[in-house]
Amino acid sequence: MFDPTPYLPQLLVAWTAYLIATASPGPAILAIITTSVSEGRKAGLALAFGVLTGSYTWAMLTASGLSALIRAYGHAIIVLKIAGACYLFWLAYHALRAAMHSDKTQIVPVAKAQTSLKRLYLKGLGIHLTNPKAIFSWIMLVSLGMPEGAPVGVTATFIGGCMVLGLMTFCGFAIVFSLSPVHRAYLKSRRLIESLMAGFFAFAGLKLLTSRL
């Protein structure tokens, strides 16, 4: 039976790094927040599960040797980088369009989502799968939590711990920001929030295009 005790110091460091990275403001967190306050808890959770799926897709691929594949096919990252920036620009456009809509069309019951849950799930999935920085974050995390030559049980323990932390973080944001007082505050400043979101997504897309990965 696998005993993770000898690897706990490294695992704890990697889990802490993952928690900090996950809870830090970024396109995924801000998308979950605005979706939760504008369309309700179910909508926010659907998007959060999409983000989680994308995150752990990269986790599994990284643990399976994606870093070696990236070194062999470096140009694929450039393509992914452009795709990710375009997706962020698309989100910025939709946030700006929402900010320009009349307030009367936006006031809906918090329990009723305007967008289908499937579409929101795919939106969250797209945010993470088109973000090449997520790949390198997982490469860093895997190198922290999985020493060379570690048994398969270390991989399962590390990724399993990250899944629990990610679930708590992303779903926690969705639940907290779907509460009625938060929803009412959103309605009062909806246009400002959507405008800020549009600016953030546009900035994130531009930064992704111009940054070195």
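In this convention, every chain numbers its residues from 1, walking through the sequence in written order. In view of the model being predicted, local features appear only for residues whose pLDDT reaches at least 70, and side-chain atom pairs are presented and counted only at 80 or more, with totals across whole chains, interfaces and linings using the full set of residues. The side-chain numbers reported here are obtained from all heavy atoms of the structure, hydrogens and water having been left aside.

Details of the packing of aromatic side chains
Planes of paired rings set the category: under 30 degrees apart is stacked, over 60 is edge-to-face and the rest tilted, where pairs are Phe, Tyr or Trp rings (Trp by its six-membered ring) whose centres lie within 6.5 Å. The final tally for this structure, using the stated rule, is 1 aromatic pair. When the centroid spacing of 6.2 Å and the interplanar angle of 15 degrees are considered together, the rings of Phe 173 and Phe 177 count as stacked. Working definition: with a 1.4 Å probe on protein chains only, accessible area under 20% of the residue-type maximum means buried, over 50% means exposed, and in between means partly exposed. Given the relative accessible area of 24%, Phe 177 is considered partly exposed.

Some details on a nonpolar patch on the surface
Each patch is built from residues lacking any salt bridge and having more than 30% relative accessible area; the joining distance is 9 Å for like charges and 5 Å for nonpolar side chains (Val, Leu, Ile, Met, Phe, Trp, Tyr). For the area figures, the Shrake-Rupley method with a 1.4 Å probe applies, and any residue is considered shielded solely by the protein chains shown. When a carboxyl oxygen of Asp or Glu lies within 4 Å of a side-chain nitrogen of Lys or Arg, that pair is called a salt bridge. Nonpolar side chains collect at one region of the surface, where Ile 78, Ile 82, Phe 89, Leu 206 and Leu 209 lie side by side and expose about 430 Å² of accessible area between them. We count a stretch as a helix when DSSP gives it H or I for four or more residues in a row; a strand needs E for two or more, and each element gets its number in order from the N terminus. No other element matches the 3 residues that helix H5 (residues 75-100) contributes to the nonpolar patch. Summarising the element assignment, Phe 89 is placed in helix H5. For Phe 89, a relative accessible area of 32% gives the class partly exposed.

Overview of the packing of helix H1 (residues 8-23) against helix H8 (residues 152-176)
Following both chains from N to C, one finds H1 and H8 inclined at 25 degrees, their axes separated by 10 Å at the closest point. As summarised for this structure, H1 and H8 are arranged roughly parallel, according to the angle between their axes. Of the two possible hands of crossing, H1 and H8 adopt the one that is right-handed. Within the contact between the two elements, H1 uses Leu 11, Ala 14, Trp 15, Tyr 18, Leu 19, Thr 22 and Ala 23 and H8 uses Val 154, Thr 157, Phe 158, Gly 161, Cys 162, Leu 165, Gly 166, Thr 169, Phe 170 and Phe 173. Considered class by class, the residues forming the contact of H1 with H8 number 12 nonpolar, 5 polar and no charged. Lines fitted to C-alpha atoms define the axes, with helix axes restricted to the stretch in contact, and inter-axis angles between N-to-C directions lie between 0 and 180 degrees. By definition in this entry, angles of less than 35 degrees are roughly parallel, angles greater than 145 are roughly antiparallel, angles of 65 to 115 are roughly perpendicular, and the rest are oblique. Helix crossings fall into two classes, left-handed where the near helix is turned counterclockwise from the far one by less than a right angle and right-handed where it is turned clockwise. Only heavy atoms enter the contact rule, under which two residues are in contact if any of them lie within 4.5 Å. We call Asp, Glu, Lys and Arg charged. Ala, Val, Leu, Ile, Met, Phe, Trp, Tyr, Cys and Pro are nonpolar, and the rest, Gly among them, are polar.

Side note on the packing of helix H2 (residues 27-39) against helix H3 (residues 41-63)
Interhelical geometry of H2 versus H3 gives an angle of 160 degrees and a closest axis separation of 7 Å. Taken together, the axes of H2 and H3 lie roughly antiparallel to each other. Along this stretch, H2 crosses H3, giving a crossing that reads as right-handed. Counted together, Ala 28, Ala 31, Ile 32, Thr 35, Ser 36 and Glu 39 of H2 and Arg 41, Ala 43, Gly 44, Leu 47, Ala 48 and Val 51 of H3 form the full contact between these two elements. Broken down by class, the residue content of the contact of H2 with H3 amounts to 7 nonpolar, 3 polar and 2 charged.

Such coordinate-based values are descriptive only and should not be taken to indicate function.
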